[in-house]
Every structure is written in C-alpha cells, then in structure tokens.
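Structural overview for review
Single-letter residue listing:
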Amino acid sequence: MVPDLKLVNGAKYPVIGLGTWQSEGDKVRAAVEHAIDIGYRHIDTAFDYQNEDQVGEAINKKIKEGVVRREDLFVTTKLWVTYFDDVKACLELSLKKLKLDYVDLYLIHMPIPFKRTQEWDSWMSLVGPDGKPNSIEYDHLDTWRQLEALVDAGKVRAIGVSNFNSQQIQRILDNCRIPPANLQIECHGYLQQRDLVRFCQERNITVTAYSPLGSPQRPQRQSSEPVLLEEPIVTSLAAKYHKTPAQVLLQNLVQRGLVVIPKSVTPERIAENLAIFDFTLSDEDMDQLATLDRGLRFFTSVPGTNDHPEYPLRIPF
C-alpha cells in the first residue's frame, strides 16, 4: 500500500507516481498499464508531453478490466504555456485525449506565458527564427480564476502550479478563492530546494519532485556532469540497506514529506521505484544525503526569457 498526503481539498495524494515525460507511444501505454497492475495509483502527464492519448488508453483499459476504479486513481496533467488565456480549451483537449471526465490535479506547467500559434506549440517552437522567445505577458491571477472555474465545474478536483517561485505562489495565495494544492518542481539530491519546500509546506501546499533521480537520461546531459546515482554516499547507503541507489534517493525525498514521480518505461525499474516502503533512512543518513546539495539545476526555462517579469529564477526561491 502506497502512503499518501492529504491535499487542501481533502483528497488523498499518493506519495509516489509514475512520471511520463519523454515516454511515448506503445512504451508509455505499456508502462502505465504495468504500473497500475503492480499498485501505482498516481499517474503524472501533461499536455506538452503529447502522450495523453496513450496514457488515457492504458488507464481506461485497466478500469474496464476491473483492475482499478477511476476514483482510486490520481491523475495529474498540466496547462501548457500557450493557453494562459484559455484554460478551458487546453483542459478539454487533455480530457478528450485522456478519455476522462475529470483530472485530480491540474497544474500551470510554467509561469511564463507564450503566444499560441497552433493547437500545440512545442518547447522548441516557443523561440522564433530570430532566436527570440515568443513570450507574452498575462496575469497569473486571471489564469488562476479560470482554473477555479474548472474546479467549480467538476472538471478538475485540485489545482496548483509547476516551476513557480515563492513570490508567484504567495501572490496567488493572497488573491485566490481556491488555494494551490501542489507545487511541482525539479528536486533531487543535487537540488534540494529546502527553502521553497519549507515555504510550501508551511502553507499547506504539497510539493512534488520531478527528476527525483537527477534525470540521468535527459537528452541535454553533458558527459562532464556528475551522476547522482553514482555518488559514494548514495551507493554506500544502498549497500547498507540492501536497496538500489534509486530507492535510497526516492525514500530520502519521501521522508522529507515530498511526492516523487520517477519516470520509466522499464517494467523492472517501475517496480523497483515502488518498492521503497519497507525501509527507513536514519536521521544520520538523511543528514549525509543533505550534504549532496549543490544547487545544481538541470532544467531552467525557455532560452531568452531571463528578462521576462515572470522569470521564476530571478530570486533565490
């Protein structure tokens, strides 16, 4: 049984989910099916991942087979950055692809809005031929009110943000009718985000860590960059607990009160990532892992957006 956290709306939020970024086609369909078969009840996707069709097919197949009920699943998807002005349209596209009547959590994917030129403007197309980003300005509060309306309509159960900083979150809190339930951010041993995590937890906002293993398979990884899974502290603790380095890193984040969404399409890894609830890291071990923090961020923002007023990394957290 996977433990859960309670969201501000009272919903149960499983502390581990299957991440699906960069997972495509038959591979992601099979991954979601396998994950549900072995006990995952939390699936994370996004409009921008362009795999909601396959994720939805897998979910609906398992519901029809009687493996799981819809109400026992927690499905997250995300508003893409070109739909700040029409949240309902983006959600309806996602629901159609997922073949679901509602999602459990809907997040604003990033804080900087961009011009929409077609149904899906990919990450690469957010920068024009001249090398300048197609970013625009649109008030977060106007977008948030649209999200609140979708909660009222029953299309979304909880709402939140991703890649936002503390000031952006606080502005929403100060002006909202329905508070953010979740913040999803890059968080791992090299980037522990302790100030931002504390800020959220003090305000009853759960925090989800994407790339919890340091994203060793990301396309833009440089060969000179360190590998979190190979850190001596991590490998020694893995040996101590008879666990894998990945299991140690995931348990470390869970014990800090975070939710983790490791991405994999490999059945063995999907099962391995779930098998972290039969051991507990000691306080001393947690302190050792804390020393790995070096503020090393692997994901920043669209190139050229550093001067945008909503660029999230202009403040420490």
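Okay, so let's go over this structure. All residue numbers here refer to positions counted from 1 along the written sequence of the relevant chain. Per-residue local features of the predicted model are confined to residues with pLDDT of at least 70, and side-chain atom pairs are confined, for both listing and counting, to 80 or more; whole-chain, interface and lining totals are unaffected and use all residues. Only hydrogens and water are set aside; all other atoms, that is, all heavy atoms of the structure, feed into the side-chain values.

1. Points about the sheet that holds strand 5 (residues 74-79)
Pairing is parallel in the open sheet, where eight strands are placed in the order 3-4-5-6-7-8-9-10. The sheet is open, and its two borders are formed by strand 3 (18-19) and strand 10 (259-260), each paired with just one other strand. Two elements, strand 3 and strand 4 (residues 42-44), share two bridges in a ladder whose sense is parallel. For L18, the partnering residue across the bridge sits in strand 4 and is I43. The contact criterion used is simple: two residues touch if any of their non-hydrogen atoms lie within 4.5 Å. The axes used here are C-alpha line fits, helices contributing only the stretch in contact, and every angle between their N-to-C directions lies in the interval 0 to 180 degrees. The helix count covers DSSP runs of H or I at least four residues long, the strand count covers runs of E at least two residues long, and both are numbered beginning at the N terminus. Contacts between helix 6 (residues 194-201) and the sheet are confined to strand 8 (182-186) and strand 9 (206-210), with strand 8 contributing the most and set at about 170° to the helix. In this description, strands pair whenever DSSP reports at least two bridges between them.

2. Things to note about the packing of aromatic side chains
When the centres of two rings from Phe, Tyr and Trp lie within 6.5 Å, Trp using its six-membered ring, the rings pair. Their planes under 30 degrees apart give stacked, over 60 give edge-to-face, and anything left gives tilted. Scanning the entire structure with this criterion turns up five aromatic pairs. Aromatic side chains W21 and F299 sit 5.5 Å apart centroid to centroid with 85° between the ring planes, which places their arrangement in the edge-to-face category. Here the residue W21 occupies a position in the loop between strand 3 and helix 1 (25-38), and F299 occupies one in the segment after helix 10 (283-290), the gap between them amounting to 278 residues. A centroid spacing of 5.7 Å and a plane angle of 80° characterise the contact between F47 and Y83, whose relative ring orientation is edge-to-face. In this pair, F47 is assigned in the loop between strand 4 and helix 2 (52-64) and Y83 in the loop between strand 5 and helix 3 (87-98), connecting sequence segments 36 residues apart. The same class applies to F47 as to Y83, namely buried. Grouped by ring-pair contacts, the aromatic residues W21, Y210 and F299 constitute a single cluster. The criterion for a charge sitting over a ring is simple: Lys NZ or Arg CZ within 6 Å of the ring centre, and within 35 degrees of the ring normal. For R116, the ring lying beneath its charged end belongs to Y83, and the centroid distance is 4.5 Å. Each residue's exposure class comes from its accessible area (1.4 Å probe, protein chains only) as a fraction of the maximum for that residue type: buried when under 20%, exposed when over 50%, partly exposed otherwise.

3. Describing the environment of R157
Along the polypeptide, R157 turns up in strand 7 (residues 156-162). Classification of R157 as partly exposed rests on a relative accessible area of 42%. Each C-alpha atom, one on R157 and one on L105, is 6.0 Å from the other, the two residues being 52 residues apart in sequence. When neighbours within four sequence positions are excluded, R157 is seen to be in contact with N9, Y102, V103, D104 and V151.

4. Concerning helix 7 (residues 232-241)
Of the residues making up helix 7, those classed as buried are V234, L237, A238 and Y241. End-on view of helix 7: buried residues confined to an arc of 105°, all on one side of the axis. Of the exposed residues in helix 7, the ones pointing more than 90 degrees away from its buried face are P232 and A239. Buried residues belonging to helix 7 abut helix 8 (245-255) and helix 10. Two residues or fewer after helix 7 comes H242, characterised by a positive phi angle close to 55°. This arc is taken over the directions from the axis of the helix to the C-beta atoms.

5. Some thoughts on helix 2
To estimate how far a helix should extend, the number of its residues minus one is multiplied by 1.5 Å. With 13 residues, helix 2 extends 18 Å from end C-alpha to end C-alpha; this agrees with the ideal 18 Å at 1.5 Å per step. Every buried residue of helix 2 is listed here: E52, Q54, V55, G56, A58, I59, N60 and K62. Residues of helix 2 that are buried sit in contact with helix 1, strand 4, strand 5 and helix 3. Looking one or two places after helix 2, you find G66, whose phi comes out positive at around 85°.

6. So, the packing of helix 5 (residues 166-175) against helix 6
Running from N to C, helix 5 and helix 6 cross one another at 10°; their axes reach a closest spacing of 11 Å. One element, helix 5, and the other, helix 6, form an angle in the roughly parallel class. Contacts from S166, I169 and Q170 in helix 5 reach L196, F199 and C200 in helix 6. Each residue gets one of three labels, nonpolar for Ala, Val, Leu, Ile, Met, Phe, Trp, Tyr, Cys and Pro, charged for Asp, Glu, Lys and Arg, and polar for the others, Gly among them. In the contact of helix 5 with helix 6, the residues fall into four nonpolar, two polar and no charged. If an angle is under 35 degrees, it is roughly parallel; if it is over 145, roughly antiparallel; if it lies from 65 to 115, roughly perpendicular; otherwise it is oblique.

7. Observations concerning the environment of G131
On the secondary structure map, G131 appears in the loop between strand 6 (103-108) and helix 4 (140-152). Residue classification places G131 among the partly exposed residues on the basis of a relative accessible area of 47%. With 149 residues separating them in the primary sequence, G131 and T280 have C-alpha atoms 48 Å apart.

8. What about the environment of R294?
Considering the arrangement of structural elements, one finds R294 in the segment after helix 10. Spatially, the C-alpha atoms of R294 and P309 are 26 Å apart, while their sequence positions differ by 15 residues. Those residues in contact with R294, other than ones at most four positions away along the chain, are Y190, P226 and E231.

9. Side note on the pattern of salt bridges
Any carboxyl oxygen of Asp or Glu that lies within 4 Å of a side-chain nitrogen of Lys or Arg is treated as forming a salt bridge with it. Going through the model one piece at a time under the given rule, you end up with 19 salt bridges. One salt bridge in this structure joins E57 and R29, with 2.7 Å as the shortest N-O distance. Here E57, found in helix 2, pairs with R29, found in helix 1; they are 28 residues apart in sequence, far enough to count as distant. Given the relative accessible area of 32%, E57 is considered partly exposed. Across the pair R198 and D195 runs a salt bridge, and its minimum N-O distance is 3.0 Å. In this pair, R198 and D195 both sit in helix 6, three residues apart, roughly one turn of the helix.

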